[in-house]
Number of protein chains: 2
Amino acid sequence: MEKYEKYIEILKKNGMKVTPQRIDIMKYLDEHRIHPSAEKIYSDLKEDNPSLSKTTVYNTLEALSEHHIIQILTISGSELRYDFKTTPHHHFMCKKCGAIIDIDVDCPYLGKFMGMGHRIDEMHGYFKGVCKDCLEKEGRGENPLKTEMNIVSEV
Amino acid sequence: MEKYEKYIEILKKNGMKVTPQRIDIMKYLDEHRIHPSAEKIYSDLKEDNPSLSKTTVYNTLEALSEHHIIQILTISGSELRYDFKTTPHHHFMCKKCGAIIDIDVDCPYLGKFMGMGHRIDEMHGYFKGVCKDCLEKEGRGENPLKTEMNIVSEV
DNA sequence: ATTTTATTTTGTAAATATTACAATTTGAAA
DNA sequence: TTTCAAATTGTAATATTTACAAAATAAAAT
Ligand SMILES: [Mn+2]
Ligand SMILES: [Mn+2]
Ligand SMILES: [Zn+2]
Ligand SMILES: [Zn+2]
């Protein structure tokens, strides 16, 4: 795995200095599409680079997101999660196991919102519930949404 | 303003004890549809009830959300915001002034997601940008989304 | 109306995530 | 090679949320 060129390219294209920490963090996000937290990125990368600072992780994530190289997900509510993929897509979070997975659809409402006069910079579609794997382990249980809206299709 | 009956009804219907603090918090959320934070609810209500505890605010918000009397928004990323309205709708947050406003649309993807085998309990549509008012004060500026996807309609 | 009891409220302390800051290091331009 | 703005590091501070135990109280039982 010696493919750093990809990340160096991206950094240079954005006028950012190329540092080993930035390359490591980008590579980690690119190869771990689980939308990890800053803490997970830090603790995993620290194994191979013990001098890595948590502040560097936060600084880097902030810088990358400002350049739209990564996007920040607020789906969890307790910690920010980071996504190497910046093209619009939705996310599902399992409240049992914490997994966050991509849902590849694009939102049909963007045009409508633009017409309201606001400037839209980001859009996030978040769904929360219990994932297929967890359901198979623990049973399907109740679906709170069903009581409050009409479900289009049931599995 | 002596309409506590509404909130008492809701609490009783959900098998929750009726307390003045819970009534105050529900009434506040019902009458302040700005999706306030726990801190804002606390500091505003504390003026009329100086013995109110912040823990009570958090406990109450947690209890109300578990009974689906309110919903929790993770749109901000730095603090949770609370919404008395629980029927599905989207939100827009202005990154300049912090305002969060309702967008009344419903998501056409719910059926598709259900078909994937996950149990969906919540859905959140979050849009972020700069609101109309802030734009009029400070100019429209750049729209980062425009570079990454095709905008359907521009104002 | 009084007693009883499980629940709620309260205040403080602890936990967690994130940011601020100053000293040191370093990437890259000169 | 020298220079220097920018990045990294470690620590301290901040902010939000949760844990916990004692006191208060809503509501059920008497
Ligand atoms: Mn994603
Ligand atoms: Mn709302
Ligand atoms: Zn799961
Ligand atoms: Zn605004």
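Draft legend 1. Up close: the overall build of chain A. Looking only at helices and strands, chain A features six helices and five strands. Secondary structure elements of chain A, listed N to C terminal, follow the sequence α-α-α-α-β-β-β-β-α-β-α. Counting every position in chain A, which comprises 155 residues, the buried fraction comes to 46%. For chain A, the share of sequence-separated contacts (at least 6 apart) that also reach a separation of at least 24 residues comes to 47%. Counting every atom, chain A has about 8100 Å² of accessible surface; 50% of that belongs to carbon and sulfur.

Draft legend 2. Just the packing of helix α2 (residues 20-31) of chain A against helix α4 (residues 54-66) of chain A, in detail. Residues and elements named next belong to chain A. As a packed pair, α2 and α4 sit with axes 10 Å apart at the nearest point and diverge in direction by 70°. The pairing of α2 with α4 is recorded here as roughly perpendicular in orientation. Residue-level inspection shows Gln21, Arg22, Ile25, Met26 and Leu29 of α2 in contact with α4, the latter providing Thr56, Val57, Thr60, Leu61, Ala63 and Leu64. Of the residues in the contact of α2 with α4, the class split is seven nonpolar, three polar and one charged.

Draft legend 3. The coordination of the zinc ion (ligand 4), seen in detail. Residue and element names in this part refer to chain B. Surrounding the zinc ion (ligand 4) are the protein donor atoms Cys94 (SG), Cys97 (SG), Cys131 (SG) and Cys134 (SG), at 2.2 to 2.4 Å. Taken together, the four donor atoms coordinating the zinc ion (ligand 4) span angles of 105 to 118° at the metal, a pattern that classifies the geometry as tetrahedral. For Cys97, a relative accessible area of 44% gives the class partly exposed.

Draft legend 4. Summary view of the pattern of salt bridges. Residues and elements named next belong to chain A. Counting across every chain of the model gives 22 salt bridges over all chains. A salt bridge links Lys27 to Glu31; the nearest nitrogen and oxygen atoms lie 3.2 Å apart. In this pair, Lys27 and Glu31 both sit in helix α2, four residues apart, roughly one turn of the helix. For Lys27, a relative accessible area of 13% corresponds to the buried category.

Draft legend 5. Main features of the packing of aromatic side chains. Residue and element names in this part refer to chain A. Taken as a whole and assessed by the stated rule, the structure comprises three aromatic pairs over all chains. On the basis of an interplanar angle of 75° and a centroid distance of 6.3 Å, the ring pair of Tyr7 and Phe84 is categorised as edge-to-face. Here the residue Tyr7 occupies a position in helix α1 (residues 5-13), and Phe84 occupies one in the loop between β2 (81-83) and β3 (90-94), the gap between them amounting to 77 residues.

Draft legend 6. Summary view of the pairing of strand β3 (residues 90-94) of chain B. All names here are of chain B. Of all five residues that make up β3, five are buried, and the element is covered over most of its length. Here β3 shows a buried face lined by His90, Phe92 and Cys94 and a second buried face lined by His91 and Met93. Both β3 and strand β4 (residues 100-103) contribute to a ladder of four bridges, which runs antiparallel. Bridge assignment links Met93 to a residue of β4, and that residue is Ile100. Remark: five residues form the turn of the hairpin made by β3 and β4, two consecutive strands paired antiparallel; Gly98 in that turn has positive phi of roughly 80°. Here five bridges tie β3 to strand β5 (residues 119-130), and the two strands are oriented parallel to one another. When the bridges of β5 are listed, His90 appears paired with Gly125.

Calculation criteria
- Residues numbered from 1 in each chain as written.
- Chains lettered and ligands numbered in written order.
- Predicted model: local features only at pLDDT ≥ 70, side-chain atom pairs only at ≥ 80, totals over all residues.
- Heavy atoms only, no water.
- Helix = DSSP H or I, 4+ residues; strand = E, 2+ residues; numbered from the N terminus.
- Buried < 20%, exposed > 50% of the residue type's maximum accessible area, 1.4 Å probe, protein only.
- Contact = heavy atoms within 4.5 Å.
- Areas by Shrake-Rupley, 256 points an atom, 1.4 Å probe, with all protein chains shown as cover.
- Axes fitted to C-alpha atoms, helices over the stretch in contact; angles between N-to-C directions.
- Parallel < 35°, antiparallel > 145°, perpendicular 65-115°, else oblique.
- Nonpolar A, V, L, I, M, F, W, Y, C, P; charged D, E, K, R; others polar.
- Donors = N, O, S within 2.8 Å, 3.2 Å for Na, K, Ca; no water.
- Tetrahedral: all angles 85-135°; square planar, octahedral: opposite > 155°, others 65-115°.
- Salt bridge = Lys/Arg side-chain N within 4 Å of Asp/Glu carboxyl O.
- Phe/Tyr/Trp six-rings, centres within 6.5 Å; stacked < 30°, edge-to-face > 60°.
- Pairing = 2+ DSSP bridges.

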